[in-house]
Amino acid sequence: MGRAIKTDQTMLNYVLDGLADFSDSKTVVYFKGNKISKGRLLRDTDKFCSYLVSQGIGRGDVVTIHLPNLPNAACAFYAVNKLGAIANLIHPLMPPLPLGEMTRAAGSKLLVTFDDYYAKNADKLDLDCKVVTASASDYLPPLLSPIYRMAKEPKLKGVTSWRETMKYPRHTAKPAGEGGDVAVYMYSGGTTGKPKTIELTHRAFNELTECLTYVISDYDGNKDVSLMVLPIFHGFGLGVCMHSMLSRGIESVMIPKYSTKEVLADIKKRGVTIIAGVPLMYKKMLGGGEAFAAMKGVKHIFCGGDKLTSALKKQFDGALKKVGSPACLLEGYGQTECVTVCCVNEPGEYIKGCMGKPLHGIEIACARDGKLLPAGEEGELVVSAPTLMKGYREMDNSQVFLNIEGEKWLRTGDSGFVDKEGRVFFNDRIKAAEKVSGVVVYPQEICEVVGDVPAVSESYAVKVSKGDREYMRLYCVAEGDREQVRAQIDEVCRQKLIVYARPKEIVFMDKLPRTAVGKVDVGKLKEMAPAEQTDKK
């Protein structure tokens, strides 16, 4: 395990401390065939920082970053960070109306967005701040950049291009701010579709990185390479895939838009050893055919952001074994409110429903009525850690945290338990729990069981009340003959679920509706009536 780095400082200072062990020529980002060195990344960060200063942006101000995985996103983030300003991070596919609302509500002085997005949506954006547009050509290899610029780059007026900001001199002043300052605004919409603004400090992200050095204790900044598919608006993307890796000099292979072919090709070309992603990404990777052999050299594979079904884990681990990889898919648990990861499984025996043990320096317990519960007793999962958010912006946080014997605990809103060995088990969101004829039913448990059907790629169950009838309806995305899939779902549910949890209706969909932050929109599902695609039992 490498050396520890002081966490009570800004995120940029933390990165600079870690990168001091490497030369300026060390590759820290790989993008579309272009190797970007530590020297260039820091130089461009300083140049963009000077541009921000020219716009009157300083400590405590807000800059909205609305970008896919481009090197520009990393430079913009750490430039904002250097000034002690706050980065308001928004999903790159956010529709223009909510993007404008979220930018204004945060009090942003500047929006950094993708040029193609702005070209298509400028007339729909209601903004009261200046705009900088980034292009994929900004960091393409020298021979490809001018070709892309001529063929695909839109001509925009009234905005500042990233290339223009790179004409500014380097900002040479020392980074402003302290570890306890708010560094980031992130959004947690849950399944309601109404995002809450989460305030996260510099120290929270730095502490997460220190925790992860115990998980990947054999990391080597000169040899390891990580895959960065998740964008920085996602706590997993920013905290794990970018900040943690960069601070240890580990090269990040940036993927702006997921493509199984490109991902597997880059894994092979760059010798990727560390991957962190979401279940859907791993499911798509299984369709890579012979190219999946590129996974042979990967040592650490982590999954979060959504529930990993036991069926997918078994299938993925089996595929890894076939290509000779010693790795296995390890699921973790966490929330954006505690920088996404607070516990993770270790290689070894897999226990269904287990999220692993808490990371170094983090405590997880169950609570009820303001008191911690004994091991094995179900309740609300609560987390005590140096990675906790400051709170929800401009909201009453009195019910968000518990203070038990002087210790601060985050209420996760998740149901589960912690066993005597300290392993964390997750059931479902407490608010998601339904009562069918007086019996508690967890939609996530239904989805886990239905996930055992190979043809089903995703699903969600909601309660339906009709007159004096109460039952569960299943919405799912599946391949193949629907009658056969329905029969398979019926059989696996009959074997593994109590009668109250067995779906009485199945609705097949092309895709499940999602909220602005990418989670299943349960509200929309509950509003939907079963259409002609419904199978009733």
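Scroll up for the structure.
Since the structure is predicted, the reported quantities are computational estimates derived from the model, not experimental observations.

Visitor: Quick question: what am I supposed to make of the overall build of the protein here?
Guide: Of the regular secondary structure elements, the protein holds 15 helices and 29 strands. Considering only C-alpha atoms, the protein reaches an extent of 70 × 55 × 50 Å along its principal axes. Looking at the protein residue by residue over its 537 residues, the buried ones come to 58%. Considering only intrachain contacts with a sequence separation of at least 6, the fraction spanning at least 24 residues in the protein is 67%. About 23,200 Å² of surface is accessible on the protein, with carbon and sulfur atoms providing 51% of the total.

Visitor: What am I meant to see in unusual backbone geometry here?
Guide: Note on backbone geometry: most residues besides glycine have negative phi, and most peptide bonds are trans. The backbone phi angle of Val339 is positive, close to 55 degrees, even though this residue is not glycine. For Val339, a relative accessible area of 1% translates into the label buried.

Visitor: What should I look at first to understand the nonpolar core in this one?
Guide: A general tendency of soluble globular proteins is for nonpolar side chains to be buried together. Grouped together as the largest cluster of nonpolar side chains are 113 residues, with contacts concentrated most on Phe48, Leu52, Phe77 and Leu89. The residues contacting Phe77, other than those within four sequence positions of it, are Met11, Ile65, Ala87, Leu89, Val184, Ile232, Leu238 and Met242. Of all hydrophobic cores here, the second largest spans 27 residues; its members include Tyr30, Val225, Val229 and Val298.

Visitor: Before we go on, may I ask you to explain the pairing of strand β9 (residues 196-201) in this structure?
Guide: Residues in a regular strand point their side chains to alternate faces of the sheet. Across the 6 residues of β9, 5 count as buried, placing the element largely inside the fold. For strand β8 (residues 182-188) and β9, the ladder comprises 6 bridges, and the chain directions are antiparallel. Each bridged residue has a counterpart across the sheet, and for Tyr185 the counterpart in β9 is Glu199. Relative to strand β20 (residues 391-392), β9 is paired through 2 bridges, and the arrangement is antiparallel.

Visitor: Looking at this structure, how should I read the side chain of Lys38?
Guide: Tracing the sequence through the fold places Lys38 in helix α2 (residues 38-54). When its relative accessible area of 9% is taken as the criterion, Lys38 is described as buried. Only 2.9 Å separates the side chain of Lys38 from the backbone oxygen of Leu19, close enough to count as a polar contact.

Visitor: Mind showing me how you'd approach the sheet that holds strand β4 (residues 86-89) here?
Guide: Strands pair in a sheet through their backbones, by hydrogen bonds, and they do so in one of two ways: parallel or antiparallel. Here we have 8 strands laid out as an open sheet, ordered β7-β6-β5-β3-β4-β8-β9-β20, and mixed in their pairing. Two strands in the sheet have a free side with no partner beyond their single neighbour: β7 (160-161) and β20. Against the sheet, helix α4 (residues 96-105) contacts β3 (62-66), β4, β5 (108-114) and β8, and its axis sits at roughly 150 degrees relative to β5.

Visitor: Help me understand the packing of helix α8 (residues 202-215) against helix α9 (residues 235-247) in this model?
Guide: Helix packing for two helices is described by the angle between their axes and how far apart those axes are. Two elements in contact, α8 and α9, have axes separated by 9 Å at closest approach and are oriented at 75 degrees. With respect to α9, the axis of α8 lies roughly perpendicular. Across the interface between the two elements, Phe205, Asn206, Leu208, Thr209 and Leu212 from α8 touch Leu238, Gly239, Val240, His243, Ser244 and Ser247 from α9. The residue makeup of the contact of α8 with α9, split by class, is 5 nonpolar, 6 polar and no charged.

Visitor: Just checking my understanding: could you explain the pattern of salt bridges for this structure?
Guide: Where charged atoms from two side chains of opposite charge approach closely, those side chains can pair. Inspection of every chain in the model, using the stated rule, returns 34 salt bridges. Across the pair Arg248 and Glu210 runs a salt bridge, and its minimum N-O distance is 2.9 Å. With a gap of 38 residues between them, Arg248 in the loop between α9 and β11 (251-254) and Glu210 in helix α8 connect regions that are remote in the sequence. By relative accessible area, Arg248 is classed as buried at 5%. By relative accessible area, Glu210 is classed as buried at 12%. In this structure, Lys496 engages Asp452 in a salt bridge whose closest nitrogen and oxygen atoms are separated by 2.7 Å. Of the two residues, Lys496 is situated in helix α14 (residues 482-496) and Asp452 in the loop between α13 (443-450) and β26 (456-466); the sequence distance between them amounts to 44 residues. When salt bridges that share partners are traced, they join Lys352, Glu448, Asp452 and Lys496 into one network.

Visitor: Just checking my understanding: could you explain the pairing of strand β6 (residues 130-134) for this structure?
Guide: Here β6 lies mainly inside the structure; 4 of its 5 residues are buried. As paired strands, β5 and β6 are joined by 5 bridges and run parallel to one another. Bridging from a neighbouring strand, Val112 pairs with Val132 of β6. As a crossover connection, the stretch from β5 through helix α5 (residues 115-121) into β6 is right-handed. With 2 bridges connecting them, β6 and β7 associate as parallel partners. Bridge pairing in β7 links Thr133 to Ser161.

Visitor: For this particular structure, what's the right way to read helix α1 (residues 11-19)?
Guide: Along an α-helix, residues three or four positions apart point the same way, because every turn accommodates 3.6 residues. Of all the residues in α1, the buried ones are Met11, Leu12, Tyr14, Val15, Gly18 and Leu19. The buried residues of α1 occupy one face: seen down the axis, they fall within an arc of 160 degrees. On its buried face, α1 is in contact with β1 (27-31), α2, α3 (71-82), β8, α8 and α9.

Visitor: Just checking my understanding: could you explain the packing of aromatic side chains for this structure?
Guide: Any aromatic ring pair is given by two values, namely how distant the centres are and how the planes are angled relative to each other. Evaluation of the coordinates by the stated rule reveals 8 aromatic pairs. Between Tyr51 and Tyr168 the ring centres are 5.6 Å apart and the planes differ by 80 degrees, which places this aromatic pair in the edge-to-face class. One end of the pair, Tyr51, is in helix α2; the other, Tyr168, is in the loop between α7 (162-165) and β8, and 117 residues separate them in sequence. Note on Tyr51: relative accessible area 2%, which makes it buried. The class of Tyr168 is partly exposed, set by a relative accessible area of 29%. Judged by centre distance (5.1 Å) and plane angle (85 degrees), the ring pair of Phe77 and Tyr78 falls under edge-to-face. A residue is classified by how much of its surface remains accessible, and Phe77, at 1% relative accessible area, is buried. Taking relative accessible area as the criterion, Tyr78 reaches 2% and is therefore assigned buried. A connected cluster of aromatic rings, assembled from ring pairs, spans Phe48, Tyr51, Trp162 and Tyr168.

Visitor: Before we go on, may I ask you to explain the environment of Val323 in this structure?
Guide: When you line up the elements, Val323 lands in the loop between α12 (310-322) and β14 (329-333). Residues in contact with Val323, not counting those within four places in the same chain, are Phe292, Ala293 and Lys296.

Criteria and cut-off values
- All residue numbers here refer to positions counted from 1 along the written sequence of the relevant chain.
- Given that the model is predicted, a residue must reach a pLDDT of at least 70 before its local features are reported, and side-chain atom pairs must reach 80 or more before they are shown or counted; all residues, however, enter totals for whole chains, interfaces and linings.
- As a rule here, side-chain values cover all heavy atoms of the structure and leave hydrogens and water aside.
- Working definition: helices are DSSP H or I runs of at least four residues, strands are E runs of at least two. Numbering for both runs from the N terminus.
- Partly exposed residues are those whose accessible area sits between 20% and 50% of the maximum for their type, while under 20% is buried and over 50% is exposed, using a 1.4 Å probe and protein chains only.
- Contact definition: two residues touch when any of their heavy atoms are within 4.5 Å.
- Only the protein chains shown count as covering a residue, and every accessible area follows the Shrake-Rupley method with a 1.4 Å probe.
- Among buried residues, the Ala, Val, Leu, Ile, Met, Phe, Trp, Tyr and Cys ones that are joined through side-chain atoms within 4.5 Å form a nonpolar core.
- DSSP-based pairing: two strands are paired if at least 2 bridges between them are found.
- Under this definition, polar contacts are N or O atom pairs within 3.5 Å; protein pairs additionally need one hydrogen-donor-capable and one acceptor-capable atom, and for neighbouring residues in sequence, both atoms have to be side-chain atoms.
- Axis definition: a line fit to C-alpha positions, over the contact stretch in the case of helices; interaxial angles, taken between N-to-C directions, run 0 to 180 degrees.
- Working rule for angles: under 35 degrees goes down as roughly parallel, over 145 as roughly antiparallel, 65 to 115 as roughly perpendicular, anything else as oblique.
- Residue polarity is assigned by list, with Asp, Glu, Lys and Arg as charged and Ala, Val, Leu, Ile, Met, Phe, Trp, Tyr, Cys and Pro as nonpolar; anything else, Gly included, falls into the polar class.
- For this analysis, a salt bridge means a side-chain nitrogen from Lys or Arg found within 4 Å of a carboxyl oxygen belonging to Asp or Glu.
- Call a crossover right-handed when, viewed with both strands pointing away from you, the route from the first strand across the helix to the second goes clockwise.
- What the arc covers is the set of directions going from the helix axis to the C-beta atoms.
- Ring pairs are drawn from Phe, Tyr and Trp, using the six-membered ring of Trp, whenever the two centres fall within 6.5 Å, and their geometry is named by plane angle: stacked under 30 degrees, edge-to-face over 60, tilted for the rest.

Treat this as a map of the structure, not an account of what it does.
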